[in-house]
Structure formats: C-alpha cells, structure tokens
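The residues making up each chain are set out below.
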Amino acid sequence: MTDISLALEATQLGTIFGGLGGLALALLGAGLAVGLSCIGSAKGTGIAGEAGTGLLSEDPSKSGKVMVLQLLPGTQGLYGMVVWFFAINSMGLLGGDFTVLLSEMTVSKGMAYFAACMPMALGGLLSAIAQGRVAAGSINILAKKPDDWSKGLILCGIVEFYAILSLLASMLMLLQF
C-alpha cells in the first residue's frame, strides 16, 4: 500500500464503515446481491403463481405454459446467487486463509466489492417483481387468447433483459478484483 492509501485507511477507521471493516462491507454486498434478488424472485413468482392458479382451476391443460411463465421471475434469484458465488470466490473465502483475508480486506476494497454487487441486488429485486407482474398479465393472455401466449413470453423476456444487464454490470465490476 502507498502512504496515501494508508493515510486514507487510517482516517476511515473512525467512520462507521471503518468500525465494520472491509470484509464486512464486502460480505454485505454479496449477501444483498443474493438476498434481494431472491426476495424479488419469490415475490415475482408468487404474483405469477396467483394468476396461474386462477387459470389452472378452469383449464388444467395449460399447466405447462403457466409454469414457464411463472418460472421466469425466478431467474433473478439464480443470477444473484452467481454474483454471490463469484464475489466470495474472488474475495478468497473459498479455500483461502481467513486471517490473511481479514487483514488484507481494506475498507475501500470492501466498499468496492459492495458497490460491485449492488447492480444485481437492486436490479434483481426490482426486475423480478416487474417480471412477475408481466408474467401475470401474460397468463391472462393465455386464458383469453391461448394462441397468442408467446407474445406474453416475449414481454417477459424484455424485462429479463434488464436483469441480465444487472448481472453483467456486477460481473464486469467483480472481474476487476
């Protein structure tokens, strides 16, 4: 470390983040990436599932298409898990020496990990809920015009694109470590 970075680190020790430590910030970011994405996926699949139960009570033969539409908001939870795994792997938590990791993870590096995980955390949460709403609308299309259900699938895919952008943003930042 240079003298400037050591001085900056010393001034950060008096802050609330300095008291937490760099590793705590890094783990918080990784945990939020998976946690918020999974919360969004649970909410989104629940919204789509509620719409699906109404249709399936009247026409059980559409269960395959309903399950595809309900599954789509669940992908954000998987993306969050990928970011979490990649973050803890690049931190060195998988097979590394924890005491060395604890001493080498500065507050500024921990904040960088935290920031790298935030696109997936927030993008995963919000896009999964939005995709659940679109999937519920797509299930309504399936109920009223079964031949046009693929149009609803495309609408879900448009929301998925933004979840993929969130994943990409987090992964590109994590590759810098």
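About the criteria used
- Residues numbered from 1 in each chain as written.
- Predicted model: local features only at pLDDT ≥ 70, side-chain atom pairs only at ≥ 80, totals over all residues.
- Heavy atoms only, no water.
- Axes fitted to C-alpha atoms, helices over the stretch in contact; angles between N-to-C directions.
- Helix = DSSP H or I, 4+ residues; strand = E, 2+ residues; numbered from the N terminus.
- Parallel < 35°, antiparallel > 145°, perpendicular 65-115°, else oblique.
- Nonpolar A, V, L, I, M, F, W, Y, C, P; charged D, E, K, R; others polar.
- Patch = residues over 30% accessible without salt bridge, like charges linked within 9 Å, V, L, I, M, F, W, Y side chains within 5 Å.
- Areas by Shrake-Rupley, 256 points an atom, 1.4 Å probe, with all protein chains shown as cover.
- Salt bridge = Lys/Arg side-chain N within 4 Å of Asp/Glu carboxyl O.
- Contact = heavy atoms within 4.5 Å.
- Core = buried A, V, L, I, M, F, W, Y, C linked by side-chain atoms within 4.5 Å.
- Buried < 20%, exposed > 50% of the residue type's maximum accessible area, 1.4 Å probe, protein only.
- Phe/Tyr/Trp six-rings, centres within 6.5 Å; stacked < 30°, edge-to-face > 60°.
- Polar contact = N/O pair within 3.5 Å; in protein donor to acceptor, adjacent residues only side chain to side chain.

Caption draft 1: Up close: the packing of helix 7 (residues 107–144) against helix 8 (residues 149–174). In the contact formed by helix 7 and helix 8, the axes pass within 8 Å of each other and the chain directions differ by 175°. Between helix 7 and helix 8, the angle falls in the class roughly antiparallel. Here the contact of helix 7 with helix 8 is composed, by residue class, of 21 nonpolar, seven polar and one charged.

Caption draft 2: Expanded view of a nonpolar patch on the surface. There is a patch of nonpolar side chains on the surface, built from Ile 154, Leu 155, Ile 158, Phe 161, Tyr 162, Leu 165, Leu 168, Leu 172 and Leu 175 and spanning about 880 Å² of accessible area. One can find Leu 172 in helix 8.

Caption draft 3: View of the packing of helix 5 (residues 75–91) against helix 8. In the contact formed by helix 5 and helix 8, the axes pass within 10 Å of each other and the chain directions differ by 0°. Relative to helix 8, the element helix 5 is oriented roughly parallel. Of helix 8, the residues touching helix 5 (which contributes Thr 75, Gln 76, Tyr 79, Val 82, Val 83, Phe 86 and Ala 87) are Glu 160, Ala 163, Ile 164, Leu 167, Ser 170, Met 171 and Leu 174. Residue classes in the contact of helix 5 with helix 8 are distributed as ten nonpolar, three polar and one charged.

Caption draft 4: Region of interest: the pattern of salt bridges. Tallied over the full model, the rule gives two salt bridges. Its salt-bridge partner being Lys 151, residue Asp 148 comes within 3.8 Å of it at the nearest N-O pair.

Caption draft 5: How the structure looks around the nonpolar core. If you look at the biggest cluster of nonpolar residues, it comprises 19 residues, and the most contacted ones within it are Val 83, Met 91 and Met 105. When residues of this core are traced back to their parent elements, those giving at least two are helix 3 (22–58), helix 5, helix 7 and helix 8. With five residues, helix 5 is the single largest residue contributor to this core. Apart from residues lying up to four places away in sequence, Val 83 is in contact with Ala 33, Cys 117, Met 120, Leu 167, Ser 170, Met 171 and Leu 174. Core analysis: the next-biggest nonpolar cluster, separate from the first, contains nine residues, Val 66, Ala 135, Ile 139 and Leu 142 among them.

Caption draft 6: Here's a closer look at the packing of aromatic side chains. Considering all chains together, one arrives at two aromatic pairs under this definition. Judged by centre distance (3.8 Å) and plane angle (10°), the rings of Tyr 113 and Phe 177 are stacked. Residue Tyr 113 is found in helix 7, and its partner Phe 177 is found in the segment after helix 8; the two are separated by 64 residues along the sequence. The buried category is assigned to Tyr 113, whose relative accessible area is 1%.

Caption draft 7: Here's a closer look at the environment of Ile 164. Within the element layout of this structure, Ile 164 appears in helix 8. By relative accessible area, which is 39% here, Ile 164 ends up partly exposed. Remark: the alpha-carbon pair of Ile 164 and Met 120, spanning 44 residues in sequence, is separated by 8.8 Å.

Caption draft 8: Representation of the side chain of Ser 170. Within the secondary structure layout, Ser 170 lies in helix 8. At a separation of 2.8 Å, a polar atom in the side chain of Ser 170 contacts the main-chain carbonyl oxygen of Ala 116. With sequence-adjacent residues up to four places away left out, Ser 170 is seen in contact with Val 83, Ala 116, Cys 117, Pro 119 and Met 120.

Caption draft 9: Representation of the environment of Met 67 within the structure. Its location among the elements puts Met 67 in helix 4 (residues 63–71). Between the C-alpha atom of Met 67 and that of Ala 48, which follows or precedes it by 19 residues, the distance is 9.0 Å.

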